[in-house]
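An overview of the molecular structure
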Amino acid sequence: MDDKDTLADFLRSARARLTPADVGVSVNPHAPARRVPGLRRDEVAGLAGVSVDYYARMEQGRVTQASVAVVNALAGVLHLNEAERSYLFSLLSASTGGRIQQRRRTHAVRTSVRTIMDSFTTQPAFVLGVGMDVLAMNDLAKLLLKDFTKASGLGRSMARWTFLDPSARTLYLDWDIVACDVAAMLRHDARSHPNDRALNELIGELTVKSDEFRAWWSQHRVWECTFGVKRFEHPIVGRVDVDYETFPVPGEPDQQLFVYSTQPASASNDALRILASWRTDQTDAPALESTR
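Summarised in this report is the structure supplied together with it. (Residues numbered from 1 in each chain as written. Predicted model: local features only at pLDDT ≥ 70, side-chain atom pairs only at ≥ 80, totals over all residues. Heavy atoms only, no water.)

Quick word on the overall build of the protein chain
Quick reminder of the rule: Secondary structure elements are taken from DSSP: a helix is a run of H or I of four residues or more, a strand is a run of E of two residues or more, and numbering for both begins at the N terminus. Buried residues are those whose accessible area, probed at 1.4 Å on protein chains only, stays under 20% of the maximum for their type, while exposed residues exceed 50% and partly exposed ones sit between those limits. Residue contacts are counted whenever heavy atoms from the two residues lie within 4.5 Å of one another. Throughout, the Shrake-Rupley method with a 1.4 Å probe supplies accessible areas, and for residues the shown protein chains are the sole cover considered.
Looking only at helices and strands, the protein chain features 14 helices and five strands. Evaluated residue by residue, the protein chain yields a buried proportion of 48% over its 292 residues. Taking all contacts inside the protein chain whose residues are at least 6 apart in sequence as the whole, residues at least 24 apart take part in 59%. Within the structure as shown, the protein chain displays about 14600 Å² of accessible surface, and the carbon and sulfur contribution to it stands at 52%.

This is the structure in structure tokens:
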């Protein structure tokens, strides 16, 4: 799919997710039933301050460049998050014509970053690369999630595990929310690495094998994981709620360090301490082995 098709699908999907009430547009209750889900083209155009013809040509892929003011106006009307706003800018860039320079993915994690992760004895930590490829993990992350470092190829992708391994569905209490976010994160990676063979293979496999991924992928949501909360039901220590923070690895634009933490004196904090006290060879196999 080229940029003009991606832009058209992205705009149509974003428009379909909104209702007139979401943007303060009143609808005549006696008017005929609306023929399209979400907002109409003329409603988006009017709210963004552009002509209906111009916006229609944009959705048809006939406009590939736009001013900063127009992109910001569309992002506001369509209620885009910051990642989606940046994504739209990359699709409608006056300076690049909607094209971005391909970056080569990096796999090696610096020793200093590994040392920092290993110093976290009660906080799971790991580094993700393109396609949510797990590049490094500390011991507690291996016990809470899965030891991705033992896998190879696409088997190291946390995205693949999330959708295709039944253990992920039982581990995440909010699997549907997590999985939807994962699809949106892959959409972000696909924009910055459009010709990455492994990433395209991953997306293709998930599209074929997962109905949920296929549905969420078609929504064209884009998201960058920065901070939040995740809830687990771990097979060894039970319920664990963690706060997570994401830190970009300096000098490696495609690597992100994830650190999980728990509230002091909480049940989740106690659970992670218990998990940390287990020997890896006692818990690695029964914890979360992939179902093959």
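Focus: the sheet that holds strand β2 (residues 134–137)
Sheets are built from strands paired through backbone hydrogen bonds, the pairs being either parallel or antiparallel. Formally: Only when DSSP finds a minimum of two bridges between them are two strands counted as paired. Only the stretch in contact is used when a helix axis is fitted, and all axes are lines through C-alpha atoms; the angle between N-to-C directions ranges over 0 to 180 degrees.
As summarised here, the arrangement of the five strands in space is β2-β1-β5-β4-β3, forming an open sheet in which the pairing is antiparallel. Edge strands, defined here as strands with exactly one partner in the open sheet, are β2 and β3 (227–234). Neighbouring strand axes in the sheet, compared pairwise and without regard to direction, differ in orientation by 30 degrees on average. As judged from the eight bridges shared by β3 and strand β4 (residues 238–248), these two strands associate in the antiparallel manner. Along β4, the bridge assignment pairs His234 with Gly238. In the packing of helix α13 (residues 267–277) onto the sheet, the strands contacted are β3 and β4, and the crossing angle to β4 comes to about 85 degrees.

Here we look at the packing of aromatic side chains
How we decide: Pairs were defined over the aromatic rings of Phe, Tyr and Trp, the Trp ring being its six-membered one, requiring ring centres within 6.5 Å. Orientation was assigned from the angle between planes: stacked under 30 degrees, edge-to-face over 60, tilted for the rest.
Counted under the stated rule, the structure contains 12 aromatic pairs. Ring centres of Phe10 and Tyr87 lie 5.0 Å apart, and the angle between their planes is 65 degrees; on these two criteria the pair is classed as edge-to-face. You can see Phe10 sitting in helix α1 (residues 3–16) and its partner Tyr87 sitting in helix α5 (residues 82–91), a full 77 residues away along the chain. This pair shows no difference in class: Phe10 is buried, exactly as Tyr87 is. Ring plane angle 25 degrees and centroid distance 5.4 Å describe the contact between Phe213 and Trp217, whose orientation is recorded as stacked.

Quick word on the pairing of β3
A one-sided burial pattern is seen for β3, the buried positions being Gly228, Lys230, Phe232 and His234 and the unburied ones Phe227, Val229, Arg231 and Glu233. The hairpin turn running from β3 into β4, its antiparallel successor, is three residues long.

Some words on the packing of helix α2 (residues 41–48) against helix α3 (residues 52–59)
Quick note on the threshold: Crossing handedness is defined as follows: a turn of the near helix away from the far one that is anticlockwise and smaller than a right angle gives a left-handed crossing, while the clockwise case is right-handed. Residue polarity follows a fixed list, in which Ala, Val, Leu, Ile, Met, Phe, Trp, Tyr, Cys and Pro are nonpolar, Asp, Glu, Lys and Arg are charged, and the others, Gly among them, are polar.
Taken N-terminus to C-terminus, the directions of α2 and α3 make an angle of 115 degrees; their axes are 9 Å apart at the nearest point. As for the relative orientation of α2 and α3, their crossing is right-handed in sense. Each of Arg41, Asp42, Val44 and Ala45 in α2 lies in contact with α3, whose residues at this interface are Val52, Tyr55, Ala56 and Glu59. Split by residue class, the contact of α2 with α3 holds five nonpolar, no polar and three charged.

Describing the environment of Asn72
Topologically, Asn72 is positioned in helix α4 (residues 68–77). Linking Asn72 and Phe89, residues 17 residues apart in sequence, is a C-alpha distance of 8.5 Å. If near-sequence neighbours (up to four positions away) are discounted, Asn72 is found in contact with Arg85 and Phe89.

Examining the packing of helix α10 (residues 175–192) against helix α11 (residues 197–209)
Where α10 contacts α11, the axes come no closer than 10 Å and their chain directions differ by 145 degrees. Like other packed secondary-structure pairs, α10 and α11 cross with a definite hand, here left-handed. Residue-level inspection shows Leu186, Asp189 and Ala190 of α10 in contact with α11, the latter providing Leu199, Leu202, Ile203 and Leu206. The residue makeup of the contact of α10 with α11, split by class, is six nonpolar, no polar and one charged.

Overview of α13
Quick note on the threshold: It is the directions from the helix axis to the C-beta atoms that the arc portrays.
Inspection of α13 places Ser268, Asn269, Ala271, Leu272 and Leu275 among the buried residues, and these make up the whole buried set. Seen from one end, α13 has its buried residues packed into an arc of 160 degrees, which puts them on one side. Set apart from the buried face of α13 by more than 90 degrees, the exposed residues are Ala267 and Ser277. Where α13 is buried, its residues contact α7 (139–144), β3 and β4.

Structural notes on the pattern of salt bridges
The condition is simple: We count a salt bridge whenever a side-chain nitrogen from Lys or Arg sits within 4 Å of a carboxyl oxygen from Asp or Glu.
Scanning the model with the defined rule gives 14 salt bridges in all. Of the charged contacts in the structure, one is a salt bridge between Glu205 and Arg160, with a shortest N-O distance of 3.0 Å. Taken together, the residues Glu205 in helix α11 and Arg160 in helix α8 (residues 158–164) connect sequence positions 45 residues apart. Accessibility expressed as a relative area gives 26% for Arg160, which makes it partly exposed. The shortest N-O distance in the salt bridge between Glu212 and Arg169 comes to 3.2 Å. One end of the pair, Glu212, is in helix α12 (residues 211–217); the other, Arg169, is in helix α9 (residues 166–171), and 43 residues separate them in sequence. On the accessibility criterion, Glu212 (29% relative accessible area) is partly exposed.

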